[in-house]
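Now for the letters of each chain:
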Amino acid sequence: MSIKIAKELADFLLEIEQRSQFHAGYPYNLSCDYSAITQFFQYLLNNAGDPYIEPDFGLHSRNFEQEVLSFFANLYKIAEDQFWGYVTAGGTEGNLYGMFLAREIYPNGILYSSQDSHYSIPKAAKLFRIQHSVVNSQINGEMDYDHFEQLLSKNRSYPAIINLNIGTTVKGAIDNLDKVLGILERNQIKDYYIHCDAALSGLILPFLDGAPQVNFQKPIDSIAISAKFIGSPLPCGVVLTKKKWVKKVETEIEYIGSTDTTILGSRNGHTPLILWYAVQTRGCDGLAKEANTCIDNAQYLFQQLQIREYPCMLNKFSNTVVFQKPSQKLIKKWQLAVFENWAHIVVMQNINRKKIDIFINELLQEEGLLDNAEDFQLQPVSC
């Protein structure tokens, strides 16, 4: 390696290390250690084709992928003989897959999604040429159910394809599955497909006492979960659906000795290994502890802002704290996500109370609410 290449890599490493210290606006768990499996990165791992069919190609991680999928199937309460899924490149691919299946099942269906849905949902509508009806959102980011019913009632003769947000991108709001099911029943709509975008909250809600129950014991058809909460150096996620729906899209591919059932052809074989390692080393107990800690710390941040009457919002069972947009200096330093006059911090495992204290300190200084940072004392709050 030349001196020039070595220097460029060293400089980039330092830059990433520094940025990682103040990464607060986007939902990524930066507190993971996968050094135990880095040895596999010197090998090609390609999970092309169906995760449950042994292909002619031998360099893959299908056994690990299947174990990961079984973990998620158990978490979302669907029997082994009834579910199908695969490890995706992230939440967007999971959403695309759900919309793809829905379009194949109901070619003339109308897609309903709220204004606060992830941008991958309208993208899917364009890609798959699905008629799309946008539902208004409430102030907290949750679907406006009255508006949904108004739109639905005008199109009773068409199947309904519904995207439910299990934690919206900006405000962390959770659409109410039971209310949506009630509206479908009230309007006598029997042909429907429900996809749940649980990109972030999909690995939080199952571990919180009193949280809404969203799983396959209710009539959902697919769910997309990102690895953001579990943590991965490579973007990835999981999509789960009912096995019977996949039969509508599978195609035999002689070239790889498997069936084509996924969005992508070649699929990353290292990400299933990463997810498998995370599940094996942390398990449900470890993930539950992390989920509850993140929720508690989000409450702590929210309440510290409330004490100082700084405009803010936090949805129940969410780790996304929304607040009035601060200075550009703070936005850039803390890599905050901004929208209109608001910003947010997604309280992940790497956002502990010490880091929250530092942020609030700097926020108050920037807003002129604090003369001297050294004089600043946080008020204790019971969460």
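Here the structure is a predicted model, which is why all the values come from computation and not from measurement.

A. Fine view of the overall build of the chain. Helix and strand counts for the chain stand at 10 helices and 13 strands. Over its C-alpha trace the chain gives a radius of gyration of 22 Å, about what one expects of a compact globule, namely 21 Å for 383 residues. Overall, the chain is about 65 × 60 × 35 Å in size when its C-alpha atoms are taken along their principal axes. The buried share of the chain, taken over its 383 residues, is 54%. Within the chain, contacts between residues at least 6 apart in sequence are counted, and of these 70% link residues at least 24 apart. Of the roughly 18,500 Å² of accessible surface on the chain, a fraction of 50% belongs to carbon and sulfur atoms.

B. Region of the structure containing the environment of asparagine 215. The topology assignment puts asparagine 215 in the loop between β5 (192-197) and β6 (222-226). Between the alpha carbons of asparagine 215 and threonine 38 there is a distance of 34 Å; along the sequence they are 177 residues apart. When near neighbours in sequence (up to four residues on either side) are disregarded, asparagine 215 contacts Tyr76, Lys77 and Ile220. Among the polar contacts listed, one links the side chain of asparagine 215 to the backbone nitrogen of glutamine 217, at a separation of 2.9 Å.

C. Summary view of the packing of aromatic side chains. Counted according to the given criterion, the structure contains 13 aromatic pairs. Each ring, one from tyrosine 52 and one from phenylalanine 83, has its centre 6.4 Å from the other, and the planes form 80°; the classification is edge-to-face. Of this pair, tyrosine 52 sits in the loop between α1 (3-21) and α2 (62-75) while phenylalanine 83 sits in strand β1 (residues 83-88); the two residues are 31 residues apart in sequence, bridging distant segments of the chain. Both rings, one in phenylalanine 71 and one in phenylalanine 72, keep their centres 5.4 Å apart while their planes meet at 85°; by these two values the pair is edge-to-face. Exposure remark for phenylalanine 71: the relative accessible area of 12% places this residue in the buried category. Ring pairs connect the aromatic residues Trp84, Tyr86, Tyr97, Phe100 and Phe128, which therefore count as one cluster. Positioned over the ring face of phenylalanine 22 is lysine 333, at 4.6 Å from the centre of the ring.

D. Structural context of the confidence of the model for the chain. Put simply, the chain has an average pLDDT of 92, and 95% of its residues get 70 or more. Scored below 50 in pLDDT, residues 371-383 makes 26 contacts in the model with residues more than four places away or belonging to other chains.

E. Molecular detail of the sheet that holds strand β12 (residues 337-339). Taken together, four strands build an open sheet; the order of strands is β10-β11-β13-β12 and the sheet is antiparallel. Edge strands, defined here as strands with exactly one partner in the open sheet, are β10 (312-314) and β12. The mean angle between the axes of side-by-side strands here comes to 25°, regardless of whether they run parallel or antiparallel. Here β12 pairs with strand β13 (residues 342-346) via three bridges, running antiparallel. Across the sheet, alanine 337 pairs through a bridge with histidine 344, a residue of β13. Across the sheet, helix α8 (residues 270-307) is in contact with β10, β11 (320-324) and β13; its angle to β10 comes to roughly 155°.

F. Representation of the nonpolar core. Ranked by internal contacts, the top residues of the largest apolar core, which has 65 residues, are Tyr112, Phe148, Ile162, Leu184, Ile194, Leu203 and Leu240. Residue contributions to this core peak at 10 residues, all from α8. Not counting residues within four places of it along the chain, the set of residues in contact with tyrosine 112 comprises Ser133, Val135, Phe148, Leu151, Leu152, Asn155, Ala160, Ile161, Ile162 and Asn163. Counting 23 residues, the second-largest nonpolar core is a separate cluster that includes Ala24, Leu330, Ile331 and Ile345.

G. Molecular detail of the environment of leucine 9. Considering the arrangement of structural elements, one finds leucine 9 in helix α1. Leucine 9 gets classed as partly exposed once you look at its relative accessible area, which sits at 49%. Placed 171 residues apart in sequence, leucine 9 and valine 180 show a C-alpha to C-alpha distance of 51 Å.

H. Inspection of the pattern of salt bridges at higher detail. The tally for this structure, following the rule as stated, stands at 11 salt bridges. A salt bridge links glutamate 104 to arginine 103; the shortest N-O distance between them is 2.7 Å. Owing to a relative accessible area of 30%, glutamate 104 belongs among the partly exposed residues under this scheme.

I. Up close: the packing of α2 against α8. Where α2 meets α8, the closest approach of the two axes is 8 Å, and the angle between their N-to-C directions is 30°. Classified by the angle their axes make, α2 and α8 are roughly parallel. Crossing geometry of α2 relative to α8 is assigned as left-handed. Note on element contacts: α8 touches α2 through Pro272, Leu273, Leu275, Trp276, Val279, Gln280, Cys284 and Leu287, opposite Phe64, Glu65, Glu67, Val68 and Phe71. Here the residues of the contact of α2 with α8 are counted per class, giving 10 nonpolar, one polar and two charged.

J. Region of the structure containing the environment of leucine 364. With respect to the helices, strands and loops of the structure, leucine 364 is situated in helix α10 (residues 353-366). By relative accessible area, leucine 364 is classed as buried at 6%.

K. Here's a closer look at a nonpolar patch on the surface. A cluster of nonpolar side chains, namely Met1, Ile5 and Leu9, defines an oily patch on the protein surface of about 360 Å² accessible area. Locating methionine 1 in the fold gives a position in the segment before α1.

Definitions and cut-offs
Residues numbered from 1 in each chain as written. Predicted model: local features only at pLDDT ≥ 70, side-chain atom pairs only at ≥ 80, totals over all residues. Heavy atoms only, no water. Helix = DSSP H or I, 4+ residues; strand = E, 2+ residues; numbered from the N terminus. Rg over C-alpha atoms; globule rule 2.2 N^0.38 Å. Buried < 20%, exposed > 50% of the residue type's maximum accessible area, 1.4 Å probe, protein only. Contact = heavy atoms within 4.5 Å. Areas by Shrake-Rupley, 256 points an atom, 1.4 Å probe, with all protein chains shown as cover. Polar contact = N/O pair within 3.5 Å; in protein donor to acceptor, adjacent residues only side chain to side chain. Phe/Tyr/Trp six-rings, centres within 6.5 Å; stacked < 30°, edge-to-face > 60°. Lys NZ or Arg CZ within 6 Å of the ring centre and 35° of its normal. pLDDT = per-residue confidence, 0-100. Pairing = 2+ DSSP bridges. Axes fitted to C-alpha atoms, helices over the stretch in contact; angles between N-to-C directions. Core = buried A, V, L, I, M, F, W, Y, C linked by side-chain atoms within 4.5 Å. Salt bridge = Lys/Arg side-chain N within 4 Å of Asp/Glu carboxyl O. Parallel < 35°, antiparallel > 145°, perpendicular 65-115°, else oblique. Left-handed = near helix turned anticlockwise from the far one by under 90°. Nonpolar A, V, L, I, M, F, W, Y, C, P; charged D, E, K, R; others polar. Patch = residues over 30% accessible without salt bridge, like charges linked within 9 Å, V, L, I, M, F, W, Y side chains within 5 Å.

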